[in-house]
Amino acid sequence: MTDATSASSAGTGSQRVVLNSDDIDRAMTRIAFEIIESNKGTQDLVLLGIPRRGYPLAQRLARKIADAQPGFDAQAALGQLDVTMFRDDLARQPTRSPLPTQLPKSGLDGKVVVLVDDVLYSGRTIRAALDALVDLGRPRVVRLAVLVDRGHRELPIRADHVGKNLPTASSEKVRVHLSEIDGSVDEVVIEARA
């Protein structure tokens, strides 16, 4: 899981919407076309969403790719990659229940795997995802698609496809609200701690 957590916030402070529902939809459409272009089509393409919010974003991307490339089977190319047990901060984080990892029936060997997440921050979630992938197969290529890149990297990881580069202060929180998870309107907000 990334810096984006549930819609409820324990802290006080101000918040501002930086992406609304339409902005998110446009960003996802652009990322879908970038993925098709960088892959030169959809052959051997697998989208793996990182729970919680990465998976619904991967589902949206798969639908958009299928709309643009009618021969693409969105369901067959979609999966979920739980990285909980591969994280390096388990001792410091509150207990989290792993979610199931679900891989496409075709597996990962020789595939072009696009990891999908909501917010790229320190890079540690993606490092854990790369470790998890090594246990599951040997993709030909691994790429990263994120809705928001907020900077402050701690590891040398960068996204190949970014919906929005969002410069933030390290004291700020970036929250992604998705209707599939939060039951609210799609939006990305920055919360400044008071």
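Residues numbered from 1 in each chain as written. Predicted model: local features only at pLDDT ≥ 70, side-chain atom pairs only at ≥ 80, totals over all residues. Heavy atoms only, no water.

Q: Please clarify how the pairing of strand β8 (residues 187–193) should be interpreted in this entry.
A: A regular strand places its side chains on the two faces of the sheet in alternate fashion. Counting buried residues along β8, 5 of its 7 residues qualify, which places the element largely inside the surrounding structure. Bridging between strand β1 (residues 13–19) and β8 involves 6 bridges; their strand directions are antiparallel. Note on β8: the bridge partner recorded for Ser 14 is Ala 192. With 5 bridges joining them, strand β7 (residues 173–177) and β8 adopt antiparallel strand pairing. Looking at the pairing, Lys 173 lines up with Glu 191 of β8. (Buried < 20%, exposed > 50% of the residue type's maximum accessible area, 1.4 Å probe, protein only. Helix = DSSP H or I, 4+ residues; strand = E, 2+ residues; numbered from the N terminus. Pairing = 2+ DSSP bridges.)

Q: Please clarify how helix α3 (residues 124–136) should be interpreted in this entry.
A: Because an α-helix packs 3.6 residues into every turn, residues spaced three or four apart end up facing the same way. Taking 1.5 Å as the rise per residue, α3 with 13 residues should run 18 Å; its terminal C-alpha atoms sit 19 Å apart, in good agreement. The complete set of buried residues in α3 reads Thr 125, Ile 126, Ala 128, Ala 129, Ala 132 and Leu 133. Down the axis of α3, the buried set is contained in an arc of 155°. They therefore lie on one face. Along α3, the residues that are exposed and aim more than 90 degrees away from the buried face are Val 134 and Asp 135. Where α3 is buried, its residues contact β2 (45–49), β4 (112–120) and β5 (141–149). (Expected span 1.5 Å × (residues − 1). Arc of directions from axis to C-beta. Contact = heavy atoms within 4.5 Å.)

Q: Is there a simple way to think about the environment of Phe 86 in this case?
A: Mapped onto the elements of the fold, Phe 86 is located in the loop between β3 (78–80) and β4. Owing to a relative accessible area of 28%, Phe 86 belongs among the partly exposed residues under this scheme. Once the C-alpha coordinates of Phe 86 and Arg 124 are considered, the two residues, 38 residues apart in sequence, prove to be 9.8 Å apart. Here Phe 86 is in contact with Arg 127, Ala 128, Asp 131, Ala 132 and Asp 135, once residues within four sequence places are set aside.

Q: Quick question: what am I supposed to make of the sheet that holds β8 here?
A: If you trace the 3 strands from one edge of the open sheet to the other, you get β1-β8-β7, paired in antiparallel fashion. On the outer flanks of this sheet lie β1 and β7, each paired with one strand and no other. Averaged over all pairs of adjacent strands, the angle between strand axes in this sheet comes to 25°, irrespective of strand direction. Lying on the sheet, helix α1 (residues 21–39) is in contact with β1 and β8; it crosses β1 at an angle near 45°. (Axes fitted to C-alpha atoms, helices over the stretch in contact; angles between N-to-C directions.)

Q: What's the story with the environment of Tyr 55 in this structure? I'm lost.
A: Positionally, Tyr 55 belongs in helix α2 (residues 54–68). Taking relative accessible area as the criterion, Tyr 55 reaches 18% and is therefore assigned buried. A C-alpha to C-alpha distance of 19 Å links Tyr 55 and Ser 122, two positions 67 residues apart in sequence. In this structure, Tyr 55 is in contact with Gly 49, Ile 50, Leu 78, Gly 79, Gln 80 and Gln 102, ignoring residues within four places of it in sequence.

Q: Explain α2 here, please?
A: Between its terminal C-alpha atoms α2 stretches 21 Å, which fits the 21 Å expected from 15 residues at 1.5 Å a residue. Of all the 15 residues making up α2, 11 are buried; the element is thus mostly covered by neighbouring parts of the structure. Residues of α2 that are buried: Gly 54, Tyr 55, Pro 56, Leu 57, Ala 58, Arg 60, Leu 61, Ala 62, Lys 64, Ile 65 and Ala 66. Residues of α2 that are buried make contact with α1, β2, β3, β4, β5 and α4 (179–182).

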